[in-house]
Every structure is written in C-alpha cells, then in structure tokens.
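Take a look at the letters that make up each chain.
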Amino acid sequence: MLYIIGLGLGDEKDITLRGLEAVKKSQKIYIESYTSLLSFGISEDGISTLEKLYGKPLIVADREMVEEKVDDMLLEAREFDVSFLVVGDPFGATTHSDLVVRAKKMDVEVKVIYNASVMNAVGVCGLQLYRYGETVSLPFFTETWRPDSFYEKIQKNRGLGLHTLCLLDIRVKEPSLESLCRGKKQYEPPSFMTIGVAIDQLLEVEQLRGESAYNEDTLCVGFARLGSENQMVVAGSMKQLRMVDFGPPLHCLTIVGKTHPVEEEMLDFYRS
C-alpha cells in the first residue's frame, strides 16, 4: 500500500490522526521536499522533529527522486506499506497526481489522506474562495528567461472580477546552468521568492505589456508562513506591500478582484 499523506502547513502537529496512524504502520517513510516546505522544515532540525514524533527515520525525496526514480518506491509499496509525505494537501502539486497514475499502472494500491493547503488557507483574509479565478505561479526571472504567461490569466480573472492567487517560486536542490553545461551537477543554494520580488516582476511585465491588467495601486493581500504560529497577513496596494517586511518564507500573494462588502470588512482588519 502506498499512503500519500498531507502534512498541513504549520508544523509536525498538523498531520491528521488518520495520517499519523498510516505513518506508524509504514515500513518506509518518504517526505517530498521540493514543491513546498513546512515552515519549520526550513530549519536544520525540521526533519528530526518529524522523526521524533513518528519514531521512525525519514527519507528525503527530492525532485530527481520523485520524477525520475519513483518506480523503486512503488515497487516497495507492492511488498509493504510505504508512506509518502507531502506538505499541505497531496494534490496541491501536479507531480503527485502523476505519482498516483504511475502507481495504478504498476498495480500498487493507493490511499490518499488529505490536509489543509495554501489553496484554502488564504481564506483567512476574508476573500471568499469561490470568488477566486485561475491560480498562477510566478517563477524567478533570470537574465535570459523572463516568462510572462501568467499575465493573461491575471488579466482574465480581473476582467471577470475574480481574485488571483499567485504562488511564488521555490528553488530547492536546483542544478546550476554552469554545472549542467559541464556535465556534472552542482546545486544552487535554496531560494524562496518574496512578496517584494513577486510584485517587482509583476509590475515589470505590466510595464512591458501595457494592457492595464493591474498597476502599483491595485489592492493585494500578502501572506507569509500560512498555518504557522507566526503567520502574517497584510492587505494593501502593490506599492504598499513592496515596502512590508514579511520575514522568512514561505510567501504567497493574492491580487484582489471585485469585492463584496463582507470581504471588504474582513480586509480592513489586515490593511497596512
């Protein structure tokens, strides 16, 4: 049996009772480490904190393992119980849908145990979840790669009066371009996009496109470390949020669409 278990957003205590039961009876436990991170998982003792709770060692599954060598884990799951731990909810990243497909093709029984995700935790600011449009991902710009495909999606959402959740880039165990050219992988240090960088990139694209999808006065909500004890939520214009120190990762951003009076009342509590 392969258990795919959501861990929630905050710390080791956010796993569900059902998830903890599955972990306890699994012979091997993998933790996915690249589509998201628990707030405490960024620190050096994050994994050991989980291991203390579970009473078992964890195997860190990086991008290469999950996307290239996952068949080894699935073969194990045909013989005994294996847990695959995912920060947030198991289907918060498309890679995990692919994992289920591959498991079923190999006749591996799969059980999914759900948990909280950033996709619903952003409701804390008062913006109603059913008034969100398509979610976008904002990647780090480089000197030679500055994609802007997210722009049309934001533009469409705002044209419909809908809010847009922007998920900000996480780069963990990413090989450097130089090392790939040399044929020997060397990994860059981890990096996590901040709300300030996200807004700078958004405004750069707007300046280039000039189609008035948004501007520096557009109302947004910035979130940091959602689900943790020290989560931070601030509402304000893009210009205002650029100046806010949101502290350590992880960050995400909502571009606000047309608001209902009840939404406005809640947002007022978080205005900068």
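Refer to the preceding data block for the structure.
**Student:** Help me understand the environment of Leu 127, please; the structure alone is not making it clear to me.
**Tutor:** Tracing the backbone through its elements, the reader meets Leu 127 in the loop between α6 (118-121) and β6 (136-138). For Leu 127, a relative accessible area of 1% translates into the label buried. The spacing of Leu 127 and Gly 257 is 130 residues in sequence and 9.4 Å in space, taken between C-alpha atoms. When residues no more than four places from it in sequence are discounted, the contact partners of Leu 127 are Tyr 132, His 163, Val 221, Thr 254, Val 256, Thr 259, Glu 263 and Leu 267.

**Student:** Where do I start with the pairing of strand β7 (residues 164-168) in this structure?
**Tutor:** Each regular strand shows side chains that alternate between the opposite faces of the sheet. Within β7, 4 of the 5 residues are buried, which leaves it mostly tucked inside the rest of the structure. One ladder, built from 3 bridges, connects β6 with β7; its direction is parallel. Across the sheet, residue Ser 137 finds its bridge partner in β7, namely Leu 167. Read from β6 through helix α7 (residues 150-159) to β7, the crossover connection turns out right-handed. Sheet topology places β7 next to strand β12 (residues 251-255); 4 bridges connect them, and they run antiparallel. Paired with Cys 166 across the two strands is Leu 253, which belongs to β12.

**Student:** What's the story with the packing of aromatic side chains in this structure? I'm lost.
**Tutor:** Counted according to the given criterion, the structure contains 2 aromatic pairs. Look at Phe 91 and Tyr 114: their rings are 6.5 Å apart centre to centre, the planes differ by 50°, and that puts the pair in the tilted class. Highlighted residues: Phe 91 in the loop between β4 (82-86) and α5 (94-105) and Tyr 114 in the loop between β5 (110-113) and α6, separated in sequence by 23 residues. Take Phe 91: its relative accessible area is 37%, and that puts it in the partly exposed class.

**Student:** Explain the nonpolar core here, please?
**Tutor:** A general trend in soluble globular proteins is that nonpolar side chains are found buried together. By size, the foremost hydrophobic cluster in this structure holds 26 residues, and its most contacted members are Leu 138, Phe 150, Leu 202, Tyr 214, Met 238 and Leu 253. Here this core takes 6 residues from helix α9 (residues 195-209), the largest share from any one element. In this structure Met 238 touches Ile 199, Leu 202, Leu 203, Tyr 214, Asn 215, Glu 216, Thr 218, Cys 220 and Ile 255, once residues within four positions along its chain are discounted. Listed in part, the 20 residues of the second largest apolar core include Ile 4, Met 65, Val 100 and Val 110.

**Student:** Just checking my understanding: could you explain the sheet that holds strand β10 (residues 219-224) for this structure?
**Tutor:** In a beta sheet, neighbouring strands pair by backbone hydrogen bonds and run either parallel or antiparallel. Reading across the sheet, the 5 strands line up as β6-β7-β12-β10-β11 and stay open at both edges, with mixed pairing between neighbours. Bordering the open sheet on either side are β6 and β11 (232-237), each of which pairs with just one other strand. Direction aside, the axes of adjacent strands within the sheet are offset by 25° on average. Its contacts with the sheet place α7 against β6, β7 and β12, and it is angled at close to 140° to β6.

Reading the values: rules and limits
Residues numbered from 1 in each chain as written. Predicted model: local features only at pLDDT ≥ 70, side-chain atom pairs only at ≥ 80, totals over all residues. Heavy atoms only, no water. Helix = DSSP H or I, 4+ residues; strand = E, 2+ residues; numbered from the N terminus. Buried < 20%, exposed > 50% of the residue type's maximum accessible area, 1.4 Å probe, protein only. Contact = heavy atoms within 4.5 Å. Pairing = 2+ DSSP bridges. Right-handed = clockwise from strand over helix to strand, strands pointing away. Phe/Tyr/Trp six-rings, centres within 6.5 Å; stacked < 30°, edge-to-face > 60°. Core = buried A, V, L, I, M, F, W, Y, C linked by side-chain atoms within 4.5 Å. Axes fitted to C-alpha atoms, helices over the stretch in contact; angles between N-to-C directions.

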